[in-house]
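Close look at the chain arrangement
The lines below spell out each chain.
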Amino acid sequence: MAHQPNLKAVFIDRIAAKVIPGGGMLIVACVLGILVFLISVSIPLFLPAAAKPALNIADQGGCLALDYIEGVGKPWWVTREGTWKAGEDGRPAPLVVPGYEKGKPVAAAQAGTSRATAILYADGRLALVRVEKKRDGNIGVSLLDEQTLSAPAPCEISATRDDEGHARIAILRDGGVTVCGPAGLAGTAETPLETTDARAVAISSTGKILAVARQSGEVDIWDVDDVSEPRKVQTLPAGPAPRTVLAYLIGDETLIAADERGDVSGWMRARHVTLTNSGPAEVVVLGDAVPAGGSVVVIDRDHGKNIAKNGAVKIGPGGNKMVPARTFKRLAAAARTIAVSSRNKCFAIGDAAGGIAVFYATTEQLCLTIPPDAAQPVARVAFGETGEEIAGWTDGLRSWVLRNPHPDVSASALLSPVWYESYAGKEFVWQSSSGTQDSEPKYSLWPLFAGTLKGTLYALIFSVPIALAAAIYVARFGPPGLRAWVKPSIELMAGIPSVVVGMIAALWLAPVVERALCVILVGGLLLPLVFAGGVFVTGRIPRRPDRHPVVGIELAGVVAVLLLTALLAATLGSPVERAFFGGDLRQWLFDTLNVHYDIRNGFLVGIALGFAVIPVIFTIAEDAISNVPATMTSAALALGATRWQTVRHVILPAAASGLFAAIILGLGRAAGETMIVVMAAGNTPILDPAPWNGMRTLSAAMAIEIPEAPVNGSLYRVLFLTGLLLFAFTASLNTVAEIVGNRLRRKYGRI
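Summarised in this report is the structure supplied together with it. (Residues numbered from 1 in each chain as written. Predicted model: local features only at pLDDT ≥ 70, side-chain atom pairs only at ≥ 80, totals over all residues. Heavy atoms only, no water.)

The next thing to look at is the environment of Asp 59. Summarising the element assignment, Asp 59 is placed in the loop between strand E1 (50-58) and strand E2 (65-68). Sequence-wise, Asp 59 and Ala 374 are 315 residues apart; in three dimensions their C-alpha atoms are separated by 13 Å. Contacts of Asp 59, omitting those with residues within four sequence positions, involve Trp 77, Thr 79, Lys 85, Trp 393, Asp 395 and Gly 396. (Helix = DSSP H or I, 4+ residues; strand = E, 2+ residues; numbered from the N terminus. Contact = heavy atoms within 4.5 Å.)

Next up, the structure:
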């Protein structure tokens, strides 16, 4: 009788043949979907800026003032005849300054980044105004401040609104400069400066600092906090051509200067120190030479941390001075006018050929260039309230809608050092948020890369020796029944939630390590010595050739060595700390080596993260060692090899592919861990490999900052970019593990 197939089994086999490949394909599709999503969110960071034309209104009346209506996003301007215009058709608008209906304006300027405009009239009256949408929905002019000055001749002005809401202006007339502003009970003060060849002026948004560009090419920096008594504090050296436009960016830390050749540069305030050398010989501190018996004023690059080694050098205050920090791409023609954004570090320069260039100061990048459509210089340029609009004036009004959502991100800003405001030089810094709007976002990824590698390295240093030694012992040296309960126990460690491990490390282990720091140091030094002593002693113990060694005796010896080391370290820790470190190792590290001990640091992460990685490495390594054929082990032992010689020369090479895969997978597990790092690492994104400092990893940055990141903002997309990089890193590790594992299998497969 013919065999009848089991129809149920056939049916199940057919279903499984469809479902299993389908499940595998679904997993691949999900992984690819995640990859595509990460790429789609990250790509807009690197798309070029664009400008879409909005308005093009011919007007031969000239332009005295140009700005945007607050709350509306439409430009308004004042012609040189004093006619106010606004809207999309350029018709005269019913806009007047209350009380100035018949006044004739002679000069105007945007008041820094305050979204106000200062207008100077022929009769000497100064009005600080803002054009905005009123509560009733109509467009109107608000008078913010007014002052009465001397009757001006044709002039140019630079204006701002100070912290008290008053207007402060600098008047440029025939090469001379006059500073005007409130002066307490004296009313409005007008003080001329000692200059006769000025070409451009710029007053800071607080009204306390004034920059004056001279015909010689030099730029004088004046302290005008007291308008009645201005004083010159610094002179910037001349450039290749006279500067024609100046402007302070939001925050007043950066001064932008552009000249007749179209060169654009950025000067930043930097804290300086005075180094005084009282010794008989020249001393070099961080590359700055201090002559014998002399002193120099240099940028403060933490000199205080380095002069302690030389008692002849003393440090003192040096004040804040402007230093050249940024260079931008040259314009197509001489610079004629400039506008700064009130939202970020963007600025726009109009040139003599009619073009407009938009820059971002922090990254030194030219965001976009708007080509000219008329062979006339740009007379005025202005940003909209949101920074998403820009308007320029040549022979009429032209405006554009900007698409420049991520000017603060570029490949160089992410991967190269950047000179940020208030810093002494170019550095890698991650600081995605700040308490003020005028601060620069800092998106350097190197501190996150370094934190990831640092945590991973310390975790592997802790976990790999323990996991591999345990795997070798359990598989080849331990009693036969040991594997039955040790392996499930270690695998059970993988089920402990990482948040629990992180909490224990942060709340219990961190204080213990801090208190026992010297004990740990002494223990680390004693451990190899005690092990070497134990090996030496056991090697001298006579053995009877007719008796086999007791199985598992090695484990008892290792435990005894560890206990002895711990006992010696606990006994000697305090005496050593008192004898060599003044009773406080942490304070000694700070005073002598300038090493600051953070209670949550890389060493702590190495222990906690290594504890989480041990099950991954142990399980795979133990399986690889156990799967080595018994015939290979028996052959080696039959030839007279000891058990350790057999493991070293036969088993480990045969299991090399599995051991390598175990380490690589453990590395990937450590690199992608989040909660342990968040709770135990201190979350300080710094570039420091020392184990006593904190760190921040790629995964920790995503976990901490993504809840507060504005959707589709720069930080939001940069965090997804870090996710993409972490994805690529782990995928690369798995690929390398597979390639190397295959090569090792082919190499040792013939043993």
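Next, the rest of the story.
What follows covers empty space enclosed by the protein. Taken as a whole, this structure holds 3 cavities of 30 Å³ or more when the rule is applied. Empty space within the largest cavity amounts to approximately 70 Å³. Of all the elements in the fold, those that place two or more residues in the lining of the largest cavity are strand E24 (335-340) and strand E28 (380-383). Class assignment for the residues of the lining of the largest cavity results in 5 nonpolar, 4 polar and 2 charged. (1 Å grid on protein atoms, 1.4 Å probe; cavity = no way out; pocket = protein on both sides within 12 Å on 5 of 7 lines; lining within 4 Å. Points joined across faces, edges and corners; volume = space filled by probe spheres on them. Nonpolar A, V, L, I, M, F, W, Y, C, P; charged D, E, K, R; others polar.)

On to a nonpolar patch on the surface, then. Together, Phe 462, Ile 466, Ile 496, Val 499, Val 500, Met 503, Ile 504, Leu 507, Trp 508, Phe 611 and Met 675 make up an exposed nonpolar region whose accessible area comes to about 930 Å². Mapped by element, the contributors of at least two residues to the nonpolar patch are helix H3 (446-477) and helix H5 (498-515). Within the secondary structure, Ile 504 sits in helix H5. (Patch = residues over 30% accessible without salt bridge, like charges linked within 9 Å, V, L, I, M, F, W, Y side chains within 5 Å. Areas by Shrake-Rupley, 256 points an atom, 1.4 Å probe, with all protein chains shown as cover. Salt bridge = Lys/Arg side-chain N within 4 Å of Asp/Glu carboxyl O.)

A few words now on the side chain of Asp 263. In this structure, Asp 263 sits in the loop between strand E18 (254-259) and strand E19 (264-277). A polar side-chain atom of Asp 263 sits 2.7 Å from a polar atom in the side chain of Arg 261. Among residues more than four places away in sequence, those in contact with Asp 263 are Pro 240, Ala 257, Ala 258 and Arg 330. (Polar contact = N/O pair within 3.5 Å; in protein donor to acceptor, adjacent residues only side chain to side chain.)

A few words on the sheet that holds strand E4 (residues 84-86). Pairing is antiparallel across the open sheet formed by 3 strands, whose spatial order is E2-E3-E4. Looking along the sheet, the strands with just one partner apiece sit at the ends: E2 and E4. The sheet shows a mean angle of 15° between the axes of neighbouring strands, direction not considered. Pairing between strand E3 (residues 75-78) and E4: 3 bridges, direction antiparallel. The residue bridging Trp 76 from the neighbouring strand is Ala 86, located in E4. (Pairing = 2+ DSSP bridges. Axes fitted to C-alpha atoms, helices over the stretch in contact; angles between N-to-C directions.)

Overall, antiparallel pairing links the 4 strands, which are arranged E1-E30-E29-E28 in an open sheet. The sheet is open, and its two borders are formed by E1 and E28, each paired with just one other strand. Direction aside, the axes of adjacent strands within the sheet are offset by 15° on average. Where strand E29 (residues 389-393) lies against strand E30 (residues 396-403), 5 bridges are found, and the strand directions are antiparallel. For Ala 391, the partnering residue across the bridge sits in E30 and is Ser 399.

On to the nonpolar core. Core analysis: the largest hydrophobic core is formed by 60 residues, its most contacted members being Leu 604, Val 605, Leu 609, Ile 617, Phe 618 and Ile 625. A total of 12 residues in this core trace back to one element, the largest contributor, which is helix H9 (residues 602-626). Ile 625 has contacts with Ala 471, Ile 472, Ala 475, Arg 476, Ile 651, Ala 655 and Leu 659, leaving out every residue within four places of it along the chain. Grouped together as the second largest cluster of nonpolar side chains are 21 residues, Val 41, Ala 709, Leu 724 and Leu 726 included. (Core = buried A, V, L, I, M, F, W, Y, C linked by side-chain atoms within 4.5 Å. Buried < 20%, exposed > 50% of the residue type's maximum accessible area, 1.4 Å probe, protein only.)

Honestly, that's just the spatial picture; any functional story needs more than this.
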